[in-house]
Amino acid sequence: MWCYRYEEAIGLDHLRLIEVVEPTPEADEIVIRMLAASLNYRDLAIARGHYHAGVSPPLVPLSDGAGRVVACGANVTRFAVGDLVCPLYLPDWLDGPITPAKAARRLGGPSDGTYSELLCVREHGAVLAPRHLDAVEAATLPVAALTAWHSLFVQGGLQSGMTVLVQGVGGVASFAIQFAKLAGAKVAVIVAGTECVKFARDLGADHIVDPADYRCWPSDVRRCAPGGVDRVIDVAGSTLSSSIACCGPEGVVHMVGYSAGTQAPLDLFTAIRHAITLKAASAGHRASFERMVGAMESGGIRPLIGDTFRRAEFPQALAALDRRGRAGKIVLDFF
């Protein structure tokens, strides 16, 4: 079978298309023929050597993906051949709080990821994809969608009538808008550009904040949410103090990315005055994923796909991911 793998070192100059032996499943394993994989900012950080945790070659990249089950071990009961499934980004986190042991294995680094023809996983390390999605759409779920869902509902306890602030209409953000609206929350979106504004409205945003000066967006947010927002999905990282300034009393800021930088000033006075809670998210557990799938099916939620590339166009896909102001998820379609 084929796979793409960093060989001598981590970096695009060392990414090779190679042939390896096809996997044979053990009794509790399934083999998935991968049909698509989507990109996350961590894939860009790993490729550039900027990731916060150590990864080493040889390594098959990419954390997200979807495919059809083509073989099942003798004891497998959760899946059948032909099922469209998503392997878990954190294959050992099935439920409950995250622990070092549950977080040790992560697809795409430090463990081999989804950029391969076949992927063999234990049956507990995958979920059935939503029935109304195809493989390209389902490939966007394990990191971006689950991070948004787990942040808002498992960590954040989002309820109807609350107000959620979302930055942009990228991967996590586009899911967060849809999930929040499904729960009956109001959504304000910080976004710039005619196309992205349209995407935000189409996804259901109640308020569009398109600031002329990005240093002033907390005041712009408070004009549409005078009492402050209840939850913030912060994907930029460096904007932490601004996110805090948008919150009402006992607001929660979910730190889910660092696309604009890994260092952020913290306004302690504002955080204390508003009794802010800061929470960091790294996808979610399998039980959360399965609840998300049910909600997506009942609500008819579909991912916002930005650009789709062919299987060999990983460098071009990374370049698209790096562009500011992009909308939706970047996907590699293997077929």
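See above for the structure.
Just so it is clear, the structure is predicted and the values come from calculations on it, not from any experiment.

**Looking at the pattern of salt bridges**
Argument step 1. The full count for this structure, using the stated rule, is 16 salt bridges.
Argument step 2. Between aspartate 220 and arginine 223 there is a salt bridge, with its nearest N and O atoms 2.0 Å apart. Within this pair, aspartate 220 and its partner arginine 223 are both found in helix α7 (residues 217-224), separated by three residues, close to a single helical turn.
Argument step 3. Residue class for aspartate 220 comes out buried when judged on its relative accessible area of 18%.
Argument step 4. Arginine 286 serves as the salt-bridge partner of glutamate 290, at 3.7 Å between the closest nitrogen and oxygen. Placement of the pair is glutamate 290 and arginine 286 together in helix α10 (residues 286-299), with a separation of four residues, close to one helical turn.
Argument step 5. Glutamate 290 gets classed as partly exposed once you look at its relative accessible area, which sits at 36%.
Argument step 6. Through salt bridges that share partners, Arg78, Arg286 and Glu290 make up one connected network.

**Thoughts on the side chain of serine 174**
Argument step 1. Within the secondary structure layout, serine 174 lies in helix α5 (residues 171-182).
Argument step 2. In terms of polar contacts, serine 174 uses its side chain to reach the backbone carbonyl oxygen of glycine 171, at 3.0 Å.
Argument step 3. If sequence neighbours within four positions are ignored, serine 174 has contacts with Val169, Leu203, Leu304 and Gly328.

**Observations concerning the side chain of arginine 231**
Argument step 1. Topologically, arginine 231 is positioned in strand β12 (residues 229-234).
Argument step 2. The charged side chain of arginine 231 is buried without a salt bridge, its nearest counter-charge being aspartate 230 at 5.2 Å.
Argument step 3. Within polar-contact distance, the side chain of arginine 231 engages the backbone oxygen of glycine 156 at 2.7 Å.
Argument step 4. Those residues in contact with arginine 231 that lie beyond four places of it in its chain are Gly156, Gly157, Leu158, Met162, Thr163, Val164, Leu165, Glu250, Val252 and His254.

**Details of the sheet that holds strand β10 (residues 186-190)**
Argument step 1. Taken in spatial order, the six strands make up an open sheet running β11-β10-β8-β12-β13-β14, and their pairing is parallel. This sheet does not close on itself; its edge strands, each paired only once, are β11 (207-209) and β14 (277-280). Here the strands of the sheet are splayed against their neighbours by 20° on average, with no regard to which way each runs.
Argument step 2. Pairing between β10 and β11: three bridges, direction parallel. Within the sheet, the bridge partner assigned to valine 189 lies in β11 and is isoleucine 208.
Argument step 3. Helix-sheet contacts for α5 involve β8 (163-167), β10 and β12, and the interaxial angle to β8 is about 165°.

**Description of helix α4 (residues 141-155)**
Argument step 1. Its 15 residues place the ends of α4 only 18 Å apart at the C-alpha level, less than the 21 Å of an ideal helix rising 1.5 Å per residue.
Argument step 2. Of all the bends in α4, the greatest measures close to 25° and is centred on threonine 147.
Argument step 3. Among the 15 residues that make up α4, twelve are buried, leaving the element largely enclosed by the rest of the structure.
Argument step 4. Within α4, burial applies to Leu141, Pro142, Val143, Ala144, Ala145, Leu146, Thr147, Ala148, Trp149, His150, Ser151 and Leu152.
Argument step 5. One or two steps after α4, the chain reaches glycine 157, where phi turns positive at roughly 55°.

**Focus on the packing of α4 against α10**
Argument step 1. Closest axis-to-axis distance for the α4/α10 pair is 10 Å, and the angle between their directions is 95°. When the axes of α4 and α10 are compared, the pair comes out roughly perpendicular. Of α10, the residues touching α4 (which contributes Leu141, Pro142, Ala145, Leu146, Trp149, His150 and Val154) are Ser288, Phe289, Arg291, Met292, Ala295 and Met296.
Argument step 2. Per-class residue counts for the contact of α4 with α10 are ten nonpolar, two polar and one charged.

**Regarding the nonpolar core**
Argument step 1. By size, the foremost hydrophobic cluster in this structure holds 94 residues, and its most contacted members are Tyr115 and Phe179.
Argument step 2. It is α4 that provides the largest number of residues to this core, a total of eight residues.
Argument step 3. Ignoring anything within four residues of it in the chain, the contact list for tyrosine 115 reads Trp2, Cys3, Tyr4, Leu15, Val60, Pro61, Leu62, Arg311, Ala312, Phe314, Leu332 and Phe334.

Rules used throughout
Residues numbered from 1 in each chain as written. Predicted model: local features only at pLDDT ≥ 70, side-chain atom pairs only at ≥ 80, totals over all residues. Heavy atoms only, no water. Salt bridge = Lys/Arg side-chain N within 4 Å of Asp/Glu carboxyl O. Helix = DSSP H or I, 4+ residues; strand = E, 2+ residues; numbered from the N terminus. Buried < 20%, exposed > 50% of the residue type's maximum accessible area, 1.4 Å probe, protein only. Polar contact = N/O pair within 3.5 Å; in protein donor to acceptor, adjacent residues only side chain to side chain. Contact = heavy atoms within 4.5 Å. Lys, Arg positive; Asp, Glu negative; His and termini not counted. Pairing = 2+ DSSP bridges. Axes fitted to C-alpha atoms, helices over the stretch in contact; angles between N-to-C directions. Expected span 1.5 Å × (residues − 1). Bend = angle between axes of the 7 residues up to and from the residue. Parallel < 35°, antiparallel > 145°, perpendicular 65-115°, else oblique. Nonpolar A, V, L, I, M, F, W, Y, C, P; charged D, E, K, R; others polar. Core = buried A, V, L, I, M, F, W, Y, C linked by side-chain atoms within 4.5 Å.

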